[in-house]
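An overview of the molecular structure
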Amino acid sequence: MNMLLDLQKKLLPDLVEILGLRYRVLRFIRLMQPIGRRTLASNLDMSERVLRGEVTFLKEQGLVAFQSAGMTLTEEGQILLSQLETVMKEVFDTRAMEEELQARLGVAEVHVVPGNSDEYSWVKKELGRTCVSVVKRSLQPSENIIAVTGGTSIAAVAEMLVPDSDLKESLFVPARGGLGEQVENQANTICATMARKAMGSYRLLHVPDQLSKEAYDSLISEPSVQSILKQIHSATMVIHGIGEAHTMAERRTTSDEVMKKLREKRAVAEAFGYYFNADGEIVHKVLTIGLQLEDLDHTPCIIAVAGGTSKAEAIEAYMKQAPSQVLITDEGAAKEILGKKE
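Fair warning: this is a prediction, and the values are worked out from it, not measured in the lab. Sequence order as written defines the numbering, with residues in each chain counted from 1. Where totals are concerned, whole chains, interfaces and linings use all residues; where local detail is concerned, this predicted model gives features only for residues with pLDDT of at least 70, and gives and counts side-chain atom pairs only at 80 or more. To get the side-chain values, all heavy atoms of the structure are used, and hydrogens and water are removed first.

A count of helices and strands for the protein chain gives 15 helices and 13 strands. When we talk radius of gyration, it's over C-alpha atoms, and the globule rule is simply 2.2 Å times the number of residues to the 0.38. Taking 2.2 N^0.38 as the reference for a compact globule, 342 residues should give roughly 20 Å; the C-alpha atoms of the protein chain span a radius of gyration of 21 Å, in line with that estimate. C-alpha atoms of the protein chain, sized along the principal axes, occupy 65 × 40 × 35 Å. Sequence separation of 24 or more characterises 69% of the internal contacts of the protein chain that already satisfy a separation of 6 or more. Throughout, the Shrake-Rupley method with a 1.4 Å probe supplies accessible areas, and for residues the shown protein chains are the sole cover considered. Total accessible area computed for the protein chain in this model is approximately 16200 Å², and 50% of it derives from carbon and sulfur atoms. Averaging the coordinates of the 39 positive side-chain charges in the protein chain and doing the same for the 47 negative ones gives two points 3 Å apart. Helix numbering and strand numbering both begin at the N terminus, where a helix is a DSSP run of H or I of at least 4 residues and a strand a DSSP run of E of at least 2. Here, residues are in contact when the closest pair of their heavy atoms is within 4.5 Å. For the purpose of charge, His is not counted, nor are the chain termini; Lys and Arg are scored as positive and Asp and Glu as negative. Charge positions come from single atoms, namely NZ of Lys, CZ of Arg, CG of Asp or CD of Glu.

Shown next, in the form of structure tokens:
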């Protein structure tokens, strides 16, 4: 396969280019369907004239259907796109990037999706779709308790979930409190959305993301909080994001004193309320109720989802000390980490 692709790139570069173009069109239709031609052309940075020819060809091949609401993939189109994804990893050298990242970051499994989520919001949906595939493949044969953090990347995972018999028996729980952030990005909201879409069940943790020592001591002793914490600590799977330190600190309206400390300690990454420097050392910890890093030591499956060039330094820093076994990222972050900036 690799030899054939190398020969095609040299002797038939136009063929590989057209294959890549049609793959991008099919992939975007799947993410955004039903979608109109003008919206599709705008998001793919193509002229409507060129796109018209491509989608007409795909329709003639029985891969795309035209409806009044917009274009959708046919069942045959869905199947072909799934088969094509493995091939396109070789065409775009994504497979090589995944292997390089595995070695560099010491992560057992890495998935790199095409695009840069800093530039195109739809790439986050691709991150979410890939994560859903990993989640379904990683479910335990018995009871599954899935803990999720907040953030836009994990919200994208929730958005891409669909009803599934394997997930129907799962319990979704927030990995930590989240009151105070934008409601759509809170762990509680994402947890409830995932459960609703997967037709599973859920429990919520109604506590602030950051607490004073007095509030922490008071809330941690509450029976209702103790009950949900027991389930959170028993999670069989954790899905979490990785944040850029100063962005996360600002989102939490962190005090000037702590902001100064983060700057002085050169914090670059945040996850689970911990802030890390470029060497992966913990430089600050937020007092929060929920999963702590030490709680992850015995979790069977831990999935980190983060993409975009701006997250590259944070991803690399966190992975130096983190227990995550799976990383789902995009080309923007992967190229930046590996020094392959275009």
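This part takes up the packing of aromatic side chains. Any pair of Phe, Tyr and Trp rings, taking the six-membered ring for Trp, is counted once the centres come within 6.5 Å. Such a pair is stacked with planes under 30 degrees apart, edge-to-face with planes over 60 apart, and tilted for the rest. Tallied over the entire structure, the rule returns four aromatic pairs. Here the aromatic rings of Phe28 and Trp122 are separated by 5.2 Å at their centres, their planes lie at 80°, and the arrangement is edge-to-face. With Phe28 in helix H2 (residues 13-32) and Trp122 in helix H7 (residues 122-137), this pair connects stretches of sequence that are 94 residues apart. On the basis of relative accessible area, Phe28 is assigned to the buried category, the value being 1%. Relative accessibility under 20% of the residue-type maximum defines a buried residue, over 50% an exposed one, and the middle range a partly exposed one, all with a 1.4 Å probe and only protein chains included. Exposure remark for Trp122: the relative accessible area of 8% places this residue in the buried category.

Note on method: axes are straight lines fitted to C-alpha atoms, helices fitted across the in-contact stretch only, with angles between N-to-C directions ranging 0 to 180 degrees. With their axes 8 Å apart at the nearest point, helix H8 (residues 152-160) and helix H9 (residues 187-198) run at an angle of 15° to one another. Considering their axes alone, H8 and H9 lie roughly parallel with respect to each other. Seen along the crossing, H8 lies across H9 with a hand that is left-handed. Here Ile154, Ala155, Val157, Ala158 and Glu159 of H8 come into contact with H9, specifically with Ile190, Thr193, Met194 and Lys197. Each residue is assigned to one of three groups, with Ala, Val, Leu, Ile, Met, Phe, Trp, Tyr, Cys and Pro labelled nonpolar, Asp, Glu, Lys and Arg labelled charged, and all others, Gly among them, labelled polar. Its residues assigned to classes, the contact of H8 with H9 shows six nonpolar, one polar and two charged. An angle below 35 degrees is read as roughly parallel, one above 145 as roughly antiparallel, one from 65 to 115 as roughly perpendicular, and any other as oblique. Here is the rule for handedness: rotate from the far helix to the near one, and if that takes an anticlockwise turn smaller than a right angle the crossing is left-handed, while a clockwise turn gives right-handed.

So, on to the sheet that holds strand E8 (residues 243-244). Note: two strands are recorded as paired if DSSP finds a minimum of 2 bridges between them. Pairing is antiparallel in the open sheet, where four strands are placed in the order E8-E9-E10-E11. Two strands bound the open sheet, and with one partner strand each, they are E8 and strand E11 (282-285). Summarising the sheet, E8 and strand E9 (residues 267-271) pair through two bridges and their orientation is antiparallel. In the strand pairing of E9, Glu244 is matched with Ala269. Its contacts with the sheet place helix H13 (residues 256-264) against E9, strand E10 (274-277) and E11, and it is angled at close to 170° to E11. Contacting E8, E9 and E10, helix H14 (residues 312-319) runs over the sheet at an angle of about 70° to E9.

What follows is about the nonpolar core. Think of a nonpolar core as a cluster: buried Ala, Val, Leu, Ile, Met, Phe, Trp, Tyr and Cys residues, connected wherever their side-chain atoms sit within 4.5 Å. Residues Val25, Leu40 and Ile303 are the most contacted members of the largest nonpolar core, which totals 54 residues. The element that contributes the greatest number of residues to this core is H2, accounting for eight residues. Shared between two domains, this core takes at least three residues from each, and those domains are domain 1 (1-90) and domain 2 (93-338). Beyond its immediate stretch of four places on either side in the chain, Ile303 contacts Cys131, Val134, Val135, Met237, Val238, Ile239, His240, Val326 and Ile328. Counting residues in hydrophobic clusters, the runner-up holds 44 residues, among them Ile228, Val238, Phe272 and Ala312. Domain segmentation is taken from an automatic or database assignment of domains.

We now examine the domain arrangement of the protein chain. Entries for the protein chain in the domain assignment read domain 1 (1-90) and domain 2 (93-338). Computed from C-alpha coordinates alone, the two centres of domain 1 and domain 2 are separated by 31 Å. Across the boundary between the two partners, domain 1 contributes 14 residues, which contact 12 residues of domain 2. Taken together, the two surfaces of domain 1 and domain 2 that pack against each other cover about 1200 Å², and 47% of this comes from carbon and sulfur. On the domain 1 side of the contact with domain 2, Arg27, Leu31 and Lys89 bury the most area, a combined 51% of that side's loss. Salt bridges are counted wherever a side-chain nitrogen of Lys or Arg sits within 4 Å of a carboxyl oxygen of Asp or Glu. Linking domain 1 to domain 2 there are two salt bridges. The residue Arg30 makes a salt bridge to Glu126 at a minimum N-O spacing of 3.6 Å. Whenever a nitrogen or oxygen atom comes within 3.5 Å of another N or O atom, the pair is scored as a polar contact, on the condition that within protein one atom can donate a hydrogen and the other can accept it, and that pairs from neighbouring residues in sequence are kept only if both atoms are in side chains. At the boundary of domain 1 and domain 2, one finds two residue pairs in polar contact (both at pLDDT 80 or more). When contributions to the side of domain 1 that touches domain 2 are tallied by element, the ones reaching two or more residues are H2 and helix H5 (75-91). Defined in terms of a 1.4 Å probe, buried area is the accessible area two parts forfeit on being brought together, summed over both.

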